[in-house]
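Observations on the model geometry
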Amino acid sequence: MAPHVRALGDPRTDPWQENLAMTAPTGGTQPAHPEHPGRMDGVCNEFTVFTKIKPGEADALREDLATLADAAGDEKVHAALRQIGTLHDARHVIFDNDTRFMFASVFDGSWDTYIDDFAKTVVGARFDKVFSHSEGFPGVSDPGAKDWFLAHQEPAGVFVSAYPDLTVQQILKDQRVDEAFEEVLDTPEFRAALDNPANAELVATPAFQKLMEQASA
């Protein structure tokens, strides 16, 4: 019997934060939902789909992928990805003499939520066009889309993340904090504060010294 999956666009019943709490802390473990066969490393999940390209449609798929690549710098796409907030990376590959197609990505948290969120954004519409060249694809908004993806998904033999304990949101926050701190470091007021004897005790603490070491690395 096929596993029960929610239809695209249904209300969330498994926020990705809850799913993260169910994951193991490191390397190559099975997902919290065993019916989703992708592997996990910390909070990161891999998702890889292999499909058959409809006869004679490889060139059309290639054109749609080129359009997708051109749109990668579009602010609407970036805004959609920020709205999704869980996608680390994605790859689209045509192979086997233009007969097969691979989509692979890395994301945080719940697989169901990940698929649902794509369907609700401009990214979903673009993916719908790309996957329309695959045999049997019902459409990203079709209730059977999740079952179709699961039927074409293959788990990685090995999956390793360089930062298994960091979600996309944590990485983006770290980037914002780093940029803000770098701006502070460049101000004369900060240099004056470092040289002020009144702050000597704070500057001498191991935590502050570590902060300065990391900032200059």
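First, a word on scope: everything that follows refers to the structure included in this document.

What about the sheet that holds strand β3 (residues 87-95)?
Sheets are built from strands that pair by backbone hydrogen bonding, the pairs being arranged parallel or antiparallel. With antiparallel pairing, four strands are arranged side by side in an open sheet as β1-β2-β4-β3. Strand pairing shows two members of the sheet lacking a second neighbour, β1 (40-41) and β3, which therefore form its edges. Taken together, the two bridges between β1 and strand β2 (residues 44-52) define a ladder with antiparallel strand orientation. Note that in β2 the partner of Met40 across the bridge is Asn45.

Examining the nonpolar core
Generally speaking, soluble globular proteins have nonpolar side chains that are buried together. Judged by nonpolar contacts, the single largest core of 29 residues is most densely connected at Phe47, Phe101, Tyr114, Phe131 and Phe149. Going through the elements one at a time, β2, α2 (58-70), α3 (75-84), β3, β4 (100-108), α4 (111-119), α5 (122-131) and α6 (145-152) are the ones with two or more residues in this core. Not counting chain neighbours up to four residues away, the residues in contact with Tyr114 comprise Phe47, Thr86, Leu87, Phe103, Ser105 and Phe107.

What to know about α6
The complete set of buried residues in α6 reads Ala145, Lys146, Trp148, Phe149 and Leu150. On its buried face, α6 sits against β2, α4 and α5.

Describing the pairing of β3
Pairing of β3 with β4 involves eight bridges; the strand directions are antiparallel. Within the sheet, the bridge partner assigned to Val93 lies in β4 and is Met102. What sits between the antiparallel neighbours β3 and β4 is a turn of four residues, in which Asp96 has the positive phi angle 55°.

As for the side chain of Asp64
Tracing the sequence through the fold places Asp64 in helix α2. A distance of 2.6 Å separates polar atoms of two side chains, one belonging to Asp64 and the other to His133. Those residues within four positions of Asp64 in sequence are excluded, and the remaining contacts are Lys129, Val130 and His133.

Considering the environment of Asp116
Residue position: Asp116 is located in helix α4. Judged by relative accessible area, Asp116 falls into the buried class, the value being 0%. A distance of 3.1 Å separates polar atoms of two side chains, one belonging to Asp116 and the other to Lys146.

Looking at the environment of Pro155
Note on placement: Pro155 falls in the loop between α6 and α7 (168-185). Expressed as a C-alpha distance, the spacing of Pro155 and Thr48, which sit 107 residues apart in the sequence, is 6.6 Å.

Here we look at the packing of aromatic side chains
This structure, assessed with the given rule, holds 17 aromatic pairs. Each ring, one from Phe181 and one from Phe190, has its centre 6.4 Å from the other, and the planes form 80°; the classification is edge-to-face. Three or more aromatic residues joined by ring pairs make a cluster, and in this case those are Phe47, Phe101, Phe103, Phe107, Trp111, Tyr114, Phe127, Phe131, Phe137, Trp148 and Phe149.

Looking at the packing of α7 against helix α10 (residues 206-216)
The N-to-C vectors of α7 and α10 enclose an angle of 100°; their axes lie 11 Å apart at closest approach. Taken together, the axis directions place α7 and α10 in an arrangement best described as roughly perpendicular. On the side of α7, the interface is formed by Phe181, Glu182 and Leu185, while α10 contributes Leu211, Met212 and Ala215. The class makeup of the residues in the contact of α7 with α10 is five nonpolar, no polar and one charged.

Scoring rules and cut-offs
- Numbering of residues begins from 1 in every chain and follows the order in which that chain's sequence is written.
- Whole-chain, interface and lining totals are the exception, using all residues; otherwise, since this is a predicted model, local features are given only for residues with pLDDT of at least 70 and side-chain atom pairs are given and counted only at 80 or more.
- Only hydrogens and water are set aside; all other atoms, that is, all heavy atoms of the structure, feed into the side-chain values.
- One bridge is not enough; two strands pair if DSSP finds at least two bridges between them.
- Strands are runs of DSSP state E lasting at least two residues, helices are runs of H or I lasting at least four, and both sets are numbered from the N terminus onward.
- We define a nonpolar core as any set of buried Ala, Val, Leu, Ile, Met, Phe, Trp, Tyr and Cys residues linked to one another through side-chain atoms lying within 4.5 Å.
- Each residue gets one of three labels from its accessible area relative to the maximum for its type: buried under 20%, exposed over 50%, partly exposed in between, using a 1.4 Å probe on protein chains only.
- The contact definition used throughout considers only heavy atoms, calling two residues in contact when any of these lie within 4.5 Å.
- Here a polar contact is taken to be a pair of N or O atoms separated by no more than 3.5 Å, where protein atoms must pair a possible hydrogen donor with a possible acceptor and residues adjacent in sequence count only if both atoms sit in side chains.
- The aromatic pairing rule takes the rings of Phe, Tyr and Trp, using the six-membered ring of Trp, and pairs them if the centres are within 6.5 Å, calling planes under 30 degrees apart stacked, those over 60 edge-to-face and the rest tilted.
- The angle between two axes is taken between their N-to-C directions and runs from 0 to 180 degrees, where each axis is a line fitted to C-alpha atoms and a helix contributes only its stretch in contact.
- Angles are sorted into four bins: roughly parallel if under 35 degrees, roughly antiparallel if over 145, roughly perpendicular if 65 to 115, and oblique for all others.
- Each residue receives one of three labels: charged for Asp, Glu, Lys and Arg, nonpolar for Ala, Val, Leu, Ile, Met, Phe, Trp, Tyr, Cys and Pro, and polar for the others, Gly being one of them.

Distances and angles like these do not, on their own, reveal function.
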